[in-house]
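Results of the structural survey
Residues per chain are reported as follows:
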Amino acid sequence: MKTIQVGNLTIDGSKLFLIAGPCVIEGYDRTLMIGREIKKICERLGVQYIFKASYDKANRSSFNSFRGPGLDKGLEILASIKKELQVPVLSDVHDVTQLEKASKVLDMIQIPAFLCRQTDLVYGAAKTGVPVNVKKGQFMAPEDMKNVIEKMEEAGNPNLAVTERGASFGYHNLVVDMRSFPIMRSFGYPVIFDATHSVQLPGGMGGSTGGQREFIPYLARAAAASGVDGFFMEVHDNPPEGLSDSSNMLYLSSLEGLLKDLIAINDIVKHDKGEKLVPER
């Protein structure tokens, strides 16, 4: 696996890293509190931590759904959290017009799954020089992500990662194919598992997305056993109060126990991470 640099973190596959925070910025104080508690947990367990919260949730089931504070106010909050916690910060970018402002604050730009084939966006994100994490589209096979990576390599950015978040499987359902992890890992970059979006039931509540939070630990442990490099989790102190993804965010109180499991599993399987289990594509 290629070593990448995200802010002050050197990610080289020697330990797990975590991208985590609330789904959307719900105000400075609560967002900071969640990030601070996650940082404490990660420091206790020796997990590298990247803070995540969206300044805008552009992909919503309903026009009336909460979207967040928006680009300018959201980036201002993320800059403050970054300074306060002294950790790298990540957020979703939905449009090429957002890249210039976002790249001045974010330590890692994330491309949402539905936008992973938008050439101008993925190339433009990589061209900023900021590390980029691209979520695999729910409509794509894992081997298709090689083309996405090549678009960003064309921009000359070596700090790239890809994320599995499930594939569409019938109405309001997603399924995670564990074969996707070694397939995408063969491309040479860190592979992340989005354990919370993978239990979504997209549009499953009519005007909003449903979810099956109870299955997060099972899928996360299976992904760890498949040799992923990092995890993405949306975490909240009281998910039912969350203004976005309330039914599939992980309780903050459950995070440390789950991370301990994932570290233990990773310690068992990490010797497989360097093997070329899948031919180069």
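In case you missed it, the structure is sitting above this.
Residues numbered from 1 in each chain as written. Predicted model: local features only at pLDDT ≥ 70, side-chain atom pairs only at ≥ 80, totals over all residues. Heavy atoms only, no water.

1. Here's the deal with the side chain of Glu164
To keep it simple, the criterion reads: Only DSSP runs of H or I covering at least 4 residues are called helices, and only runs of E covering at least 2 are called strands; the numbering of each starts at the N terminus. Whenever two N or O atoms come within 3.5 Å, that pair is a polar contact, provided that in protein one can donate a hydrogen and the other can accept it, and provided that, for residues adjacent in sequence, both atoms are side-chain atoms. Contacts are residue-level and defined by heavy atoms, with any inter-residue pair within 4.5 Å sufficient.
Take Glu164: it is sitting in strand E8 (residues 160-164). A polar side-chain atom of Glu164 sits 2.8 Å from a polar atom in the side chain of Ser180. Excluding residues within four positions of it along the chain, Glu164 makes contact with Lys136, Val176, Ser180, Phe181, Met184, Ile192, Phe193, Asp194 and Ser198.

2. Details of the environment of Tyr49
You can see Tyr49 is positioned in strand E4 (residues 48-52). For the pair Tyr49 and Glu150, spaced 101 residues apart in the sequence, the C-alpha separation amounts to 27 Å. Leave out the neighbours within four places in its chain, and Tyr49 touches Leu9, Leu18, Ala20, Gly35, Ile38, Lys39, Cys42, Val87 and Pro88. Among the polar contacts listed, one links the side chain of Tyr49 to the backbone oxygen of Ala20, at a separation of 2.9 Å.

3. Focus: the pairing of E4
Here is the rule: Only protein chains enter the area calculation, which uses a 1.4 Å probe; residues under 20% of their type maximum are buried, those over 50% are exposed, and those in between are partly exposed. In short, DSSP must find at least two bridges between two strands for them to pair. A crossover gets the label right-handed when its path from the first strand over the helix to the second runs clockwise, viewed with the strands pointing away from the viewer.
Of all five residues in E4, five are buried; the element is thus mostly enclosed. The two faces of E4 match: Gln48, Ile50 and Lys52 on one face and Tyr49 and Phe51 on the other face are all buried. Alignment of strand E3 (residues 17-21) against E4, held across four bridges, turns out to be parallel. Note on E4: the bridge partner recorded for Phe17 is Gln48. The parallel pair E3 and E4, bridged by helix H1 (residues 28-45), forms a crossover whose chirality is right-handed. In this sheet, strand E5 (residues 89-92) lies alongside E4 in parallel orientation, the contact comprising two bridges.

4. Let's talk about the nonpolar core
One broad trend across soluble globular proteins is that nonpolar side chains are buried collectively. Applicable threshold: The criterion is simple. A nonpolar core is a set of buried Ala, Val, Leu, Ile, Met, Phe, Trp, Tyr and Cys residues joined through side-chain atoms within 4.5 Å.
Grouped together as the largest cluster of nonpolar side chains are 71 residues, with contacts concentrated most on Leu18, Ile38, Phe231 and Met233. Contact partners of Leu18, with chain neighbours within four places excluded, come to Ile38, Cys42, Val47, Gln48, Tyr49, Ile50, Phe231, Met233, Leu255 and Leu259. Among the nonpolar cores identified, the runner-up in size contains twelve residues, and Ile11, Leu90, Met108 and Ala161 belong to it.

5. Considering the packing of H1 against helix H8 (residues 252-269)
Filter applied, for reference: For helices, the axis comes from a line fit to the C-alpha atoms of the stretch in contact; other axes are also lines fit to C-alpha atoms, and the angle between any two N-to-C directions lies between 0 and 180 degrees. Throughout this description, any angle smaller than 35 degrees is read as roughly parallel, any larger than 145 degrees as roughly antiparallel, any in the 65 to 115 degree range as roughly perpendicular, and the remainder as oblique. Two helices crossing with the near one rotated counterclockwise from the far one by less than a right angle form a left-handed crossing, whereas a clockwise rotation gives a right-handed crossing. Residues are sorted three ways: Asp, Glu, Lys and Arg are charged, Ala, Val, Leu, Ile, Met, Phe, Trp, Tyr, Cys and Pro are nonpolar, and all the rest, Gly among them, are polar.
For the pair H1 and H8, the least separation of the axes is 10 Å and the interaxial angle reads 25°. It follows from the interaxial angle that H1 and H8 lie roughly parallel. Crossing of H1 over H8 shows right-handed handedness. Seen from H1, the contacting residues are Glu37, Ile38, Ile41, Cys42, Arg44 and Leu45; seen from H8, they are Leu252, Leu255, Glu256, Leu259, Lys260 and Ile263. The residue makeup of the contact of H1 with H8, split by class, is eight nonpolar, no polar and four charged.

6. Overview of helix H4 (residues 119-127)
Taken together, the buried positions of H4 are occupied by Leu121, Val122, Gly124, Ala125 and Ala126. Taken together, the buried residues of H4 touch helix H3 (99-103), strand E6 (108-111), strand E7 (132-135) and helix H5 (145-153).

7. Structural notes on the environment of Pro239
Within the fold, Pro239 resides in the loop between strand E14 (230-236) and strand E15 (250-251). Take Pro239: its relative accessible area is 0%, and that puts it in the buried class. Considering only alpha carbons, one finds Pro239 and Val176, 63 residues apart in sequence, at a separation of 23 Å. In this structure Pro239 touches Arg213, Ser246, Met249, Leu250 and Tyr251, once residues within four positions along its chain are discounted.

8. Digging into the pattern of salt bridges
Spelled out, the test is: We count a salt bridge whenever a side-chain nitrogen from Lys or Arg sits within 4 Å of a carboxyl oxygen from Asp or Glu.
Applying the stated criterion across every chain, the model contains 16 salt bridges. The partner of Lys52 in a salt bridge is Glu234, and the shortest N-O contact between them spans 2.7 Å. Here Lys52, found in strand E4, pairs with Glu234, found in strand E14; they are 182 residues apart in sequence, far enough to count as distant. The exposure classification of Lys52 matches that of Glu234, with both residues buried. Through salt bridges with shared partners, a single ionic network connects Arg30, Asp237 and Glu241.

9. Section: H5
To keep things clear, this is the line we draw: Think of the arc as the fan of directions from the helix axis to the C-beta atoms.
Those residues of H5 that sit buried are Met145, Lys146, Val148, Ile149 and Met152. When H5 is viewed along its axis, its buried side chains cluster within an angular range of 160° and face the same direction. Those residues of H5 that are buried are in contact with H4, E7, E8 and helix H6 (180-185).

10. Details of the packing of aromatic side chains
Going by this rule: Aromatic contacts are taken between Phe, Tyr and Trp rings whose centres are within 6.5 Å, Trp giving its six-membered ring; a plane angle under 30 degrees counts as stacked, one over 60 as edge-to-face, and the others as tilted. We count a charge as sitting over a ring when the NZ of a lysine or the CZ of an arginine lies within 6 Å of the ring centre and within 35 degrees of the ring normal.
Across all of its chains, the model carries four aromatic pairs by this definition. Where Phe114 meets Phe139, the ring centres are 6.5 Å apart and the plane angle is 15°; that geometry is what we call stacked. Within this pair, whereas Phe114 is found in the loop between E6 and H4, its partner Phe139 is found in the loop between E7 and H5, the two being separated by 25 residues in sequence. The exposure class of Phe114 is partly exposed, given its relative accessible area of 46%. A network of ring pairs unites the aromatic residues Phe181, Phe193 and Phe231 as a single cluster. Stacked on the ring of Tyr189, the Lys or Arg Lys2 has its end atom at 4.6 Å from the ring centre. Above the face of the Tyr218 ring, Arg221 is positioned so that its terminal group lies 5.7 Å from the ring centre.

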